[in-house]
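Next come the chains, spelled out residue by residue.
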Amino acid sequence: MTNGTLRVLPLGGLGEIGKNMMVVEYGGRIVVVDTGLMFPAPDQLGIDLVLPDFTYLRERAEDIDAIVLTHGHEDHVGALPFVLRELESAPPVYGGPLTAAMVRSKLDEHRLKDAEVRDVLATQTFEAGPFSIEMVKMAHSIPDSFAVAITTELGTMLMTGDYKFDQTPVDGVPADVARLAELGREGLLLLCGDSTNADRQGMSPSESSVGPRLREVFARCRGRIVVTCFASNIHRVQQVVDAAAALDRRVSLIGRSMRKNTNIGRMLGHIDVPEGMLVGPKEIEDFPDDKLVIISTGSQGEPLSALRRMAHGDHPNVDLHDGDTVIFSATPIPGNERAVNETIDRIYRLGANVITPSDVPVHASGHGYAEELKLMINLTRPRYVMPVHGDHRRLRLHSELAEAVGVPPKSIFRGENGLPLEIDASGARFGAREQAGLIFVDGVEVGDIEDVALRDRRMLSADGIFIVVATISEQDGRSVVPPEIIFRGVPFVEESDSFVDELREAVDGSLAHSAEEEISEIDLVQDHLHDDVAEFVYERLKRRPMILPVVVEV
Ligand SMILES: [Zn+2]
Ligand SMILES: [Zn+2]
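Values in this document were obtained by computation on a predicted structure and should not be read as measured data.

So, how was this worked out
Residues numbered from 1 in each chain as written. Chains lettered and ligands numbered in written order. Predicted model: local features only at pLDDT ≥ 70, side-chain atom pairs only at ≥ 80, totals over all residues. Heavy atoms only, no water. Axes fitted to C-alpha atoms, helices over the stretch in contact; angles between N-to-C directions. Helix = DSSP H or I, 4+ residues; strand = E, 2+ residues; numbered from the N terminus. Parallel < 35°, antiparallel > 145°, perpendicular 65-115°, else oblique. Left-handed = near helix turned anticlockwise from the far one by under 90°. Contact = heavy atoms within 4.5 Å. Nonpolar A, V, L, I, M, F, W, Y, C, P; charged D, E, K, R; others polar. Expected span 1.5 Å × (residues − 1). Buried < 20%, exposed > 50% of the residue type's maximum accessible area, 1.4 Å probe, protein only. Arc of directions from axis to C-beta. Phe/Tyr/Trp six-rings, centres within 6.5 Å; stacked < 30°, edge-to-face > 60°.

Trainee: Can you explain the packing of helix α6 (residues 210-220) against helix α7 (residues 234-246)? Please cite residues and give values.
Mentor: For the pair α6 and α7, interaxial distance at closest approach is 9 Å and the crossing angle is 40 degrees. When the axis of α6 is compared with that of α7, the two are oblique. Read as a crossing pair, α6 and α7 show a hand that is right-handed. On α7, the residues that touch Val210, Gly211, Leu214, Arg215 and Phe218 of α6 are Arg236, Gln239, Val240, Ala243, Ala244 and Ala246. Within the contact of α6 with α7, the residues separate by chemical class into seven nonpolar, two polar and two charged.

Trainee: Describe helix α10 (residues 337-349), with residues and values.
Mentor: The terminal C-alpha atoms of α10 lie 18 Å apart, and with 13 residues this matches the ideal 18 Å at 1.5 Å per residue to within 8%. All of the buried residues along α10 are Val340, Thr343, Ile344 and Ile347. One side of α10 carries all its buried residues, which in axial view fall inside an arc of 100 degrees. For α10, exposure combined with an orientation more than 90 degrees from the buried face picks out Arg338, Asp345 and Arg349.

Trainee: Which residues make up the packing of helix α4 (residues 97-109) against helix α8 (residues 256-267), and what are the values?
Mentor: Running from N to C, α4 and α8 cross one another at 135 degrees; their axes reach a closest spacing of 10 Å. By the angle class used here, α4 and α8 are oblique. By crossing handedness, the relation of α4 to α8 is classed as right-handed. Residues Leu98, Ala101, Met102, Ser105 and Glu109 of α4 touch α8, and the partners they reach there are Arg256, Lys260, Asn261 and Ile264. When grouped by side-chain class, the residues that make up the contact of α4 with α8 number four nonpolar, two polar and three charged.

Trainee: Which residues make up the packing of aromatic side chains, and what values go with them?
Mentor: Pairs of aromatic rings are described using the distance from one ring centre to the other and the angle between the two planes. Scanning the model with the defined rule gives seven aromatic pairs in all. Ring geometry for Phe413 versus Phe430: centroids 5.4 Å apart, planes at 85 degrees, classification edge-to-face. Here Phe430 lies in strand β20 (residues 427-430) and Phe413 lies in the loop between α12 (392-404) and β19 (421-424), a separation of 17 residues in the sequence. Accessibility expressed as a relative area gives 8% for Phe413, which makes it buried. Overall, the relative accessible area of 29% leaves Phe430 in the partly exposed class. Note on Phe466 and Phe499: the rings are 6.2 Å apart at their centroids and 55 degrees apart in plane angle, and the pair reads as tilted. Remark: Phe499 occurs in helix α14 (residues 498-516) and Phe466 occurs in strand β23 (residues 465-472); sequence separation between them is 33 residues. Phe499 shares its class with Phe466; the two are buried. Site record: aromatic cluster; members linked through ring pairs are Phe466, Phe487, Phe499 and Phe536.

Trainee: Provide a residue-level description of α12, including the pertinent values.
Mentor: Taking 1.5 Å per residue, 13 residues should reach 18 Å; α12 reaches 18 Å between its end C-alpha atoms and fits that length. When we look at burial in α12, the residues that qualify are Arg394, Leu395, His398, Ser399, Leu401 and Ala402. Buried residues along α12 cover an arc of 160 degrees about the axis, so they all sit on one side. Those residues of α12 that are exposed and angled more than 90 degrees off the buried face are His392 and Ala404. Looking at the buried positions of α12, the neighbouring elements they touch are α11 (370-380) and β18 (384-385). A positive phi of about 100 degrees marks Gly406, the residue just after α12.

Here's what the structure looks like:
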């Protein structure tokens, strides 16, 4: 017996789907499980990303022994660069090999090359302060998905991460049910389980059920096939490649993250794409339509994604037309429905056909359904249960499932972001509320919650304004005269400064980059210019003046 208290404080992921972040505390030390983000709602104009408010971590930076990542999805790893940048002494980060590889590449992009990211394998145990941490293999819609068992003197708690119990996963290695049962026999103190599909009855279909459906649909297509799915769903990409091969079609990967993730997946042996199978983006238009499958990003209707640009007739390599079939091998995340429907309708307008999971089951969820959540509780027999990863309705439904399999209601805790669950030898209860909430990220800026007008005025008064007027050629999008830079109220900058010349070069660089990417929509060129100039100015001045790009075509 010990006098210690285990504190489990969710900073994100409860009462919402997204931005998962859990602080596990014992003896004054901390392990953080997941550092996720959320994409903004359509009405949050001018906001690029939503992060959990991690003030708590900033104040306790010295006490953090490890950050553990369950898997590589953005709602679990996306906030990591922002968290690491803000912590004075950055703790080591642990994740499966794929998670670690994806995170390293992300940290590189944020120029955080010093961060220490360590690979851990399933069944591997490591020590961090007073915690002993074990990764347990689970099945989900991305390889290397782990549950995390954290043991202190008080006992063991299990964060399931995102999971399903897939008996026939594409990689042939199902969840480690034996280890979960063993944890149950050893006596599990607390289970924090994924609630995403608590509202769906029965068992989720196996990922490997998708391949045969794809093949059937492919067999009926006469023209070109475009399949869109999450770039991180490497097992799905594998099944698309296999279905294409079975029907003697070659494959082209479209979208930066699709190529990047497939490359990382190939390097780590998660996906097998025969060398001669791939067709480069530039060869697409000359390739016979009935011999090609294009795998594209954009299944969520994301504004700058490859599929969205195809749907707008604005993709440099793919012109959708009559006879093409676009298959959505994904369902919209809540909040993205409108963007997805709009994309679908645009595709119809171009004359192509669309197939979604409501037409044919060409998608399988990565999250277990109700019977699987019950199975998890029956296997691990936890003393306490705190459902996570769900909106309030799903947390409630998950609680009801726990009750149905015999967990006493007083042992089930329906938590909220900022509300710590405190467990000691005498029992469990919620403690005093801590700061939690949202942080909005606008380009490179991490700010507090403010409406856009307020933010604009604050930026103007503190850091001034840059107006960048660029004139580009209608033919090739390149800058035709030196850009004009007008600024007001920017501290420490004079007209004669070499900084202004360098800024002009940065503007030309940004325009040249957009031209290379063959971006022709003026709005997009301006967006990129805004982001590039904001980043350049911040790097040089450590200030965030308002940036107003004006691009004129001649
Ligand atoms: Zn996930
Ligand atoms: Zn998730």
